[in-house]
Amino acid sequence: MGERQRQTIRVVSHGPSCLDGVVAAAAVRRFYRGHRVVTILASNADADRTLQGIAPADELWITDLSWNTVETGQRLTDQARQGTAIYWIDHHRSAVRRAEAPEFRVPFARRILSERRSASLLVFDFLRRRSPGILAPEEQRAFEAFRPFALLADDHDRWIHRIAESSDWALAVQTLGGASALREILKLDQPKMSRRLRAALDEGRTAMARSVDLARNTLVERQLSGGLLLRTACCFGYSSEVGAALYTGAKSTVVALFDLRSQGVSLRRSPDCTVDLSALAVSFGGGGHAAAAGFSMAELERLTAERLADALSERLNGQYEANRP
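Conventions and cut-offs
- Sequence order as written defines residue numbering, which begins from 1 separately in each chain.
- Where totals are concerned, whole chains, interfaces and linings use all residues; where local detail is concerned, this predicted model gives features only for residues with pLDDT of at least 70, and gives and counts side-chain atom pairs only at 80 or more.
- With hydrogens and water excluded, all non-hydrogen atoms of the structure serve as input to the side-chain values.
- Only runs of H or I of at least four residues qualify as helices and only runs of E of at least two qualify as strands under DSSP, and these elements are numbered from the N terminus.
- Here the globule rule reads 2.2 Å times residues to the power 0.38, and the radius of gyration is calculated from C-alpha atoms.
- Note on definitions: a residue-residue contact is assigned when non-hydrogen atoms from the two residues lie within 4.5 Å.
- In short, Shrake-Rupley with a 1.4 Å probe defines the accessible areas, and a residue's cover is counted only from the protein chains shown.
- Only four residue types enter the charge count, namely Lys and Arg as positive and Asp and Glu as negative; His and the chain termini do not.
- Throughout, a charge is located at the NZ atom of Lys, the CZ atom of Arg, the CG atom of Asp or the CD atom of Glu.
- With a 1.4 Å probe rolled over the protein chains alone, any residue whose accessible area is under 20% of its type maximum counts as buried; one over 50% counts as exposed, and the rest are partly exposed.
- Counting of polar contacts relies on pairs of N or O atoms within 3.5 Å, with two restrictions inside protein: one atom must be capable of donating a hydrogen and the other of accepting it, and residues adjacent in sequence are counted only when both atoms are side-chain atoms.
- Definitions used throughout: a 1 Å grid over protein atoms alone; a cavity as a set of points that fits a 1.4 Å probe which cannot get out; a pocket as an open set with protein on both sides within 12 Å along at least five of seven lines; a lining residue as one with an atom within 4 Å of a point.
- Grid points are joined across faces, edges and corners, and a volume is the space filled by probe spheres set on the points.
- Polarity classes work like this: nonpolar for Ala, Val, Leu, Ile, Met, Phe, Trp, Tyr, Cys and Pro, charged for Asp, Glu, Lys and Arg, and polar for all others, with Gly in that last group.
- Two strands pair if DSSP finds at least two bridges between them.
- Simply put, an axis is a line fit to the C-alpha atoms, just over the touching stretch for a helix, and the angle between two N-to-C directions goes from 0 to 180 degrees.
- Among the buried residues, those of types Ala, Val, Leu, Ile, Met, Phe, Trp, Tyr and Cys that are joined through side-chain atoms within 4.5 Å form a nonpolar core.
- Here is the rule for angles: anything less than 35 degrees is roughly parallel, anything more than 145 is roughly antiparallel, 65 through 115 is roughly perpendicular, and the remaining ranges are oblique.

Enquirer: Explain the overall build of the protein chain to me, please; I cannot follow it from the model alone.
Expert: When you go through the protein chain residue by residue, the secondary structure sums to 13 helices and eleven strands. In terms of C-alpha radius of gyration, the protein chain reaches 22 Å, essentially the compact-globule figure of 20 Å for 325 residues. Referenced to the eigenvectors of the C-alpha coordinate spread, the extents of the protein chain come out at roughly 85 × 45 × 45 Å. Nonlocal contacts in the protein chain, meaning residues at least 24 apart in sequence, comprise 60% of its contacts between residues at least 6 apart. Working note: accessible area of the protein chain is about 16,200 Å², and carbon and sulfur atoms make up 49% of it. Side chains of the protein chain carry 44 positive and 38 negative charges; the gap between the two charge centres is 3 Å.

Enquirer: What exactly am I supposed to notice about unusual backbone geometry here?
Expert: The phi angle of most residues is negative, glycine excepted, and most peptide bonds adopt the trans form. Note that the residue after Gly15, namely Pro16, is joined by a cis bond; omega there is 10°. With respect to the helices and strands, the residue Pro16 is situated in the loop between strand S1 (8-14) and helix H1 (19-31). With a phi close to 55°, Trp159 is a non-glycine residue in the positive phi region. Mapped onto the fold, Trp159 is located in the loop between helix H7 (147-157) and helix H8 (166-176). With relative accessibility at 33%, the residue Trp159 sits in the partly exposed group. Even without being glycine, Ser252 reaches a positive phi, approximately 45°. Within the fold, Ser252 resides in the loop between helix H11 (239-247) and strand S8 (253-259). With a relative accessible area of 22%, Ser252 lands in the partly exposed category.

Enquirer: Any chance you could explain the side chain of Asp125 here in plain terms?
Expert: Position of Asp125 among the secondary structure elements: in helix H5 (residues 119-130). At 2.4 Å, the side chain of Asp125 and the side chain of Arg117 are in polar contact. Apart from residues no more than four positions distant in its own chain, Asp125 is found in contact with Arg117 and Arg147.

Enquirer: Would you mind showing me how to read the layout of surface pockets here?
Expert: Over the atoms rolls a probe the size of a water molecule, and in doing so it shows where empty space is left. Each pocket or cavity is described by its volume, and for the largest pocket that value is around 1,200 Å³. Lining the largest pocket we find 48 residues, and of these His14, Gly15, Asn44, Ser239 and Ser266 sit closest to its centre. Elements with a contribution of two residues or more to the lining of the largest pocket: H7, H8, H11, strand S9 (264-269), strand S10 (287-288) and strand S11 (292-295). Partitioning the lining of the largest pocket into residue classes produces 14 nonpolar, 25 polar and nine charged. At the level of elements, strand S6 (220-223), strand S7 (229-235), S8, S9 and helix H13 (298-323) are the ones that each hand at least two residues to the lining of the second largest pocket. Each residue belonging to the lining of the second largest pocket can be placed in one class, and the counts come to 19 nonpolar, three polar and two charged.

Enquirer: Sorry, what's going on with the sheet that holds strand S2 (residues 36-42) here?
Expert: The strands making up a sheet associate through hydrogen bonds between their backbones, and the pairing can be parallel or antiparallel. Spatial strand order, S2-S1-S3-S4-S5: five strands in an open sheet with parallel pairing. Two strands bound the open sheet, and with one partner strand each, they are S2 and strand S5 (110-113). Ignoring strand direction, the axes of neighbouring strands in this sheet form an average angle of 10°. Taken together, the four bridges between strand S4 (residues 85-90) and S5 define a ladder with parallel strand orientation. When the bridges of S5 are listed, Trp88 appears paired with Arg111.

Enquirer: What's the story with the sheet that holds S7 in this structure? I'm lost.
Expert: The six strands lie next to each other as S6-S7-S8-S9-S11-S10, forming an open sheet whose pairing is mixed. Single-partner strands in this sheet number two, and they are S6 and S10. Of the strands in this sheet, S7, S8 and S9 are in contact with H11, which crosses S8 at around 140°.

Enquirer: Even after reading the chapter, I still don't get the nonpolar core, so can you show me in this structure?
Expert: As a rule of thumb, nonpolar side chains are buried together in soluble globular proteins. One finds Trp61, Trp169 and Ile185 to be the most contacted residues of the largest nonpolar core, which totals 57 residues. Core analysis: the second largest hydrophobic core is formed by 18 residues, Leu51, Ile86, Ala95 and Val106 among them.

Enquirer: What is the right way to look at the packing of H7 against H8 in this model?
Expert: Axes are the key here: two packed helices are described by the angle between their axes and the distance separating the axes. Running from amino to carboxyl end, H7 crosses H8 at an angle of 90°, the nearest separation of the two axes being 8 Å. Taken together, the axes of H7 and H8 are roughly perpendicular relative to one another. The segment H7 lies against H8, with Phe149, Leu152, Asp155 and His156 engaging Ser166, Ser167, Trp169 and Ala170. Its residues assigned to classes, the contact of H7 with H8 comprises four nonpolar, three polar and one charged.

Here's what the structure looks like:
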């Protein structure tokens, strides 16, 4: 840690099980090794609540995540005025396009918004540029060795898929859970999976297959104007992989999945489709990228129970009437 004074660093990154969000948080942890670093992996739906409740710190890093309310922006502004250096680094299209909205008028120490790289790679490259004069030479070499992890996350999160194992890493992190995966990644000197990550990958492949089966069994199709095909279904986690299974071989297709595990809606599109899913998600209070986005819809959480209640009520009433003395 050289002569650096020990600081308290708080990181709020996209989660709970997003490879890019986890690696972005890990990059900050690697850079501030020896300091007190507290990490929260928050879903998009929990971003405002989490940021409004965050405790004071020397620095606050918000990575791969944005927020929706002016109240959150005011809370961050108050923290900045009290001495917290706030860094916001994100690559979601919804964040880039809304950058000048009132909720983002915060006196950031630094704000980096770009769709050209994943959040983890944006975070890593920014910290690497800062490292001379801050990190001791051996610390700087150790930090720069983390770049392959950021490249893995960038390859998967931006759907480049030139690194064969990037999808495996995303699946392992999703299965193991973001907090546990973060701890495992921080133990590694190179992107070679630990035994625990490898076991999570094997488990994830089985669970993903079950989620794909659930989606296919609940699939509903709607032909929309302009030749657009909408496919909706339920899944249990692994929305990116399930979405790819539902649009593979299809043309001009939007896939919308209600994830029974996260209680959120995930949007994906076929490679030829030009619908901006981030704009669609924003209209429901969510966000994301052009080709992958999501949002929450509270009424969906009750819909299945309500439909089941309707079906059972009719039959139970019929039985009661038939058995009345």
